[in-house]
2 protein chains.
Amino acid sequence: MAYELYYWPTIQGRGEFVRLAFEAAGADYVDISRQDDGEAMMALMQEAAMPPFAPPFVRLGDRTVGQVSAILAWLGPRLGLAPDDPADRAWLDQIQLTFADLVAEVHDTHHPVDMTAYYDDQKPEAARRARAFRDHRIPKFLGWAEQVLARNPSGPTWLVGESLTYADLSLFQVVEGLIYAFPKAAARTLKTTPKVAALSDRVAALPRIRAYLDSPRRIPFNEDGIFRRYPELDG
Amino acid sequence: MAYELYYWPTIQGRGEFVRLAFEAAGADYVDISRQDDGEAMMALMQEAAMPPFAPPFVRLGDRTVGQVSAILAWLGPRLGLAPDDPADRAWLDQIQLTFADLVAEVHDTHHPVDMTAYYDDQKPEAARRARAFRDHRIPKFLGWAEQVLARNPSGPTWLVGESLTYADLSLFQVVEGLIYAFPKAAARTLKTTPKVAALSDRVAALPRIRAYLDSPRRIPFNEDGIFRRYPELDG
């Protein structure tokens, strides 16, 4: 039985953290909304006994799970992308939750005051938010990830233990997204976080991830997603 | 051995979601920073092998867990505040994660463009963000919680199953916080979400929670916390 992924069909967005896990594991999954333009997704959100607050969510049989961190905590062990030890799994979950916080802040750089309005309607506010994000938050988040790698008792190859986990895939996606949206600011910070930069390169070189990135399944970054390139917000 | 809670000593903030779980369960815990003004907390964040990104975090023996949702996913079963069934636990986690998203948005109503600056330095932006939050997000979040209660196969007494869980405590805290910060807007929405309002009253009436709320351990809401009463942001 294939996993069903429900997410917006034209953006990477938060769905990408789940796609990367499926792709890295070579799992059998269907990206539902890219076939029906979101119809089944909207119906499920209306009717489910356990209604997801928002996409993405994943269905397998009669099980539906929303919220990226919860999805990955569920899928991780099933896909071989989580450690066996419960304490390590809780640590993995904390790392993923921290990346989720970063993603929410990235969204707010272009929608700081009204998520129901357009970016064009909040450009001065976005400029201010983006400056604070570039100056304080990118260094803080990536600096923390660098420490997590440096303190891993198994060495700095992966974030948790000695094997690839879904958090490594997510950190790759965060780095890629920051480089897309804030090329100058991201490059500046990445010079100071060499272990993070190396991990991101390592993920990109995984054969299944490489094949995915080169395929039409990988939606290009664009200005409807979470990571958006508005040159006036970089610096 | 007592649980150690590490959080800022003068606000409810995100630490309150953890305090409420300890209090509801009658657990043995120490609110460390209220004794040493944050010294041990800062030291632990610097030195821990698994460094929390931010407070709150909880320590028990050699285990340290950060991120509210991860803390509660760990403590819930230990404190009798989570269901036994793994699918129900994953659902509980999703609900908690959704409340965590709401809490982040509440913070942004008074700090929409620069979390390192004061509210006074971003009042016009805050007014705009708060309006969107009142008009769109409070109804969406509480309306969703109302549906979760309405669709619970065990009835609308609690969010998950037929017993109190940590998500019920968190929803109580969210409702209390919204009533404090946005008394007009919260009252307007709560009229349309009677099951949410009733659950919040039910939690407040639990003997241990009642005793806690009446004790000096409950820090009053204030304008250094996440839920802040700035009358100009309500309406």
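Residues numbered from 1 in each chain as written. Chains lettered and ligands numbered in written order. Predicted model: local features only at pLDDT ≥ 70, side-chain atom pairs only at ≥ 80, totals over all residues. Heavy atoms only, no water.

Novice: Is there a simple way to explain the pairing of strand E4 (residues 63–66) of chain A in this structure?
Specialist: Taken residue by residue, a regular strand's side chains alternate between the two faces of the sheet. All names here are of chain A. Looking at chain direction, strand E3 (residues 57–60) and E4 are connected through four bridges and run antiparallel. What sits directly across from Leu60, in E4, is Arg63. Hairpin connection of E3 to E4: two residues between the antiparallel strands, including Gly61 at a positive phi of 60 degrees. (Pairing = 2+ DSSP bridges. Helix = DSSP H or I, 4+ residues; strand = E, 2+ residues; numbered from the N terminus.)

Novice: Whenever I open this one, the interface of chain B and chain A confuses me. Can you help?
Specialist: Buried accessible area, meaning the area lost when the parts come together, often serves as the stated size of an interface. On the chain A side, the residues contacting the 48 residues of chain B number 48 residues. Here chain B and chain A share an interface that buries about 4,000 Å² over both sides, 57% of which is from carbon and sulfur atoms. On the chain B side of the interface with chain A, the three residues burying the most area are B:Phe53, B:Arg128 and B:Arg151, jointly 19% of the side's total. Seen at the junction of chain B and chain A, the total is 18 residue pairs in polar contact (both at pLDDT 80 or more). (Contact = heavy atoms within 4.5 Å. Buried area = accessible area lost by both parts, 1.4 Å probe. Polar contact = N/O pair within 3.5 Å; in protein donor to acceptor, adjacent residues only side chain to side chain.)

Novice: What should I look at first to understand the UniProt feature "domain: GST N-terminal" (unreviewed entry) in chain A in this one?
Specialist: Feature annotation in UniProt places "domain: GST N-terminal" (unreviewed entry) on residues 1–83 of chain A, given in this structure's numbering. The annotated region residues 1–83 of chain A carries 43% helix and 18% strand content, and the separation between its end C-alpha atoms amounts to 24 Å. (UniProt positions renumbered as here; feature names shortened; annotations may be inferred.)

Novice: Is there a simple way to think about the packing of helix H1 (residues 15–25) of chain B against helix H4 (residues 68–79) of chain B in this case?
Specialist: Two quantities define a packed helix pair, namely the angle between the helix axes and the distance between the axes. Residue and element names in this part refer to chain B. H4 packs onto H1 with a crossing angle of 5 degrees between their chain directions and a minimal axis gap of 10 Å. The angle between the axes of H1 and H4 places the two elements in the roughly parallel class. Seen from H1, the contacting residues are Phe17, Val18, Ala21, Phe22 and Ala25; seen from H4, they are Val68, Ile71, Leu72, Leu75 and Leu79. A per-class count over the contact of H1 with H4 returns 10 nonpolar, no polar and no charged. (Axes fitted to C-alpha atoms, helices over the stretch in contact; angles between N-to-C directions. Parallel < 35°, antiparallel > 145°, perpendicular 65-115°, else oblique. Nonpolar A, V, L, I, M, F, W, Y, C, P; charged D, E, K, R; others polar.)

Novice: What exactly am I supposed to notice about the pairing of E3(A) here?
Specialist: Direction of pairing for strand E1 (residues 3–6) of chain A relative to E3(A): antiparallel, over a ladder of three bridges. Note that in E3(A) the partner of A:Tyr6 across the bridge is A:Phe57.

Novice: Explain the sheet that holds strand E3 (residues 57–60) of chain B here, please?
Specialist: Pairing between the strands of a sheet is mediated by backbone hydrogen bonds and can be parallel or antiparallel. Residue and element names in this part refer to chain B. An order of E2-E1-E3-E4 is seen for the four strands of this open sheet, with the pairing classed as mixed. The open sheet has two edge strands, strand E2 (29–31) and strand E4 (63–66), and neither has a second partner. Neighbouring strand axes in the sheet, compared pairwise and without regard to direction, differ in orientation by 20 degrees on average.

Novice: What is the right way to look at the relation of the copies chain B and chain A in this model?
Specialist: Mapping between the two chain copies consists of a rotation about an axis together with a translation along that axis. Turning chain B through 180 degrees and shifting it by 0.0 Å along the axis lays it on chain A, with an RMSD of 0.0 Å. In the structure described here, the two chain copies are related by an operation that fits a two-fold rotation axis. Among all residues of chain B, the minimum C-alpha distance to the rotation axis is found for B:Pro112, at 2.9 Å. When the interface residues of chain B are mapped onto chain A, 100% of them again lie at the interface, so the same face is used by both copies. (Least-squares fit on C-alpha atoms with pLDDT ≥ 70 in both.)

Novice: Help me understand the packing of helix H5 (residues 86–110) of chain B against helix H6 (residues 123–151) of chain B, please; the structure alone is not making it clear to me.
Specialist: All names here are of chain B. Interaxial distance between H5 and H6 falls to 9 Å at its minimum, and their mutual angle equals 165 degrees. One element, H5, and the other, H6, form an angle in the roughly antiparallel class. The way H5 lies across H6 gives a crossing that is left-handed. The residues of H6 that touch H5, namely those facing Trp91, Ile95, Thr98, Phe99, Asp101, Leu102, Glu105, Val106, Asp108, Thr109 and His110, are Ala126, Arg129, Ala130, Phe133, Arg137, Phe141, Trp144, Ala145 and Val148. (Left-handed = near helix turned anticlockwise from the far one by under 90°.)

Novice: For this particular structure, what's the right way to read the pattern of salt bridges?
Specialist: Any two side chains of opposite charge can pair, given that their charged atoms come close. For the structure shown, the criterion picks out 24 salt bridges over all chains. One salt bridge in this structure joins A:Asp108 and B:Arg129, with 3.6 Å as the shortest N-O distance. Separated into two different chains, A:Asp108 in helix H5 (residues 86–110) and B:Arg129 in helix H6 make up a pair that spans both. Grouping residues by exposure puts A:Asp108 and B:Arg129 together as buried. As a salt-bridge pair, A:Glu125 and B:Arg128 come within 3.1 Å of each other at their nearest N and O atoms. Remark: B:Arg128 occurs in helix H6 and A:Glu125 occurs in helix H6 (residues 123–151); the pair is interchain, linking two chains. B:Arg128 shares its class with A:Glu125; the two are buried. In this structure, a network of salt bridges that share partners links the residues A:Glu16, A:Arg19, A:Asp31, A:Arg34 and A:Arg218. (Salt bridge = Lys/Arg side-chain N within 4 Å of Asp/Glu carboxyl O. Buried < 20%, exposed > 50% of the residue type's maximum accessible area, 1.4 Å probe, protein only.)

Novice: Mind showing me how you'd approach the sheet that holds E4(A) here?
Specialist: Residues and elements named next belong to chain A. Across the sheet, which stays open at both edges, the four strands sit in the order E2-E1-E3-E4 with mixed pairing between neighbours. Since the sheet does not close on itself, it has two edges, and those belong to strand E2 (29–31) and E4, each with one partner. For this sheet, the mean inter-axis angle between neighbouring strands, taken without regard to orientation, is 20 degrees. Here E1 runs beside E2; their pairing, made up of three bridges, is parallel. Its bridge partner lying in E2, Glu4 is registered against Val30. Contacting E1 and E3, helix H3 (residues 39–47) crosses the sheet at an angle of about 85 degrees to E3.

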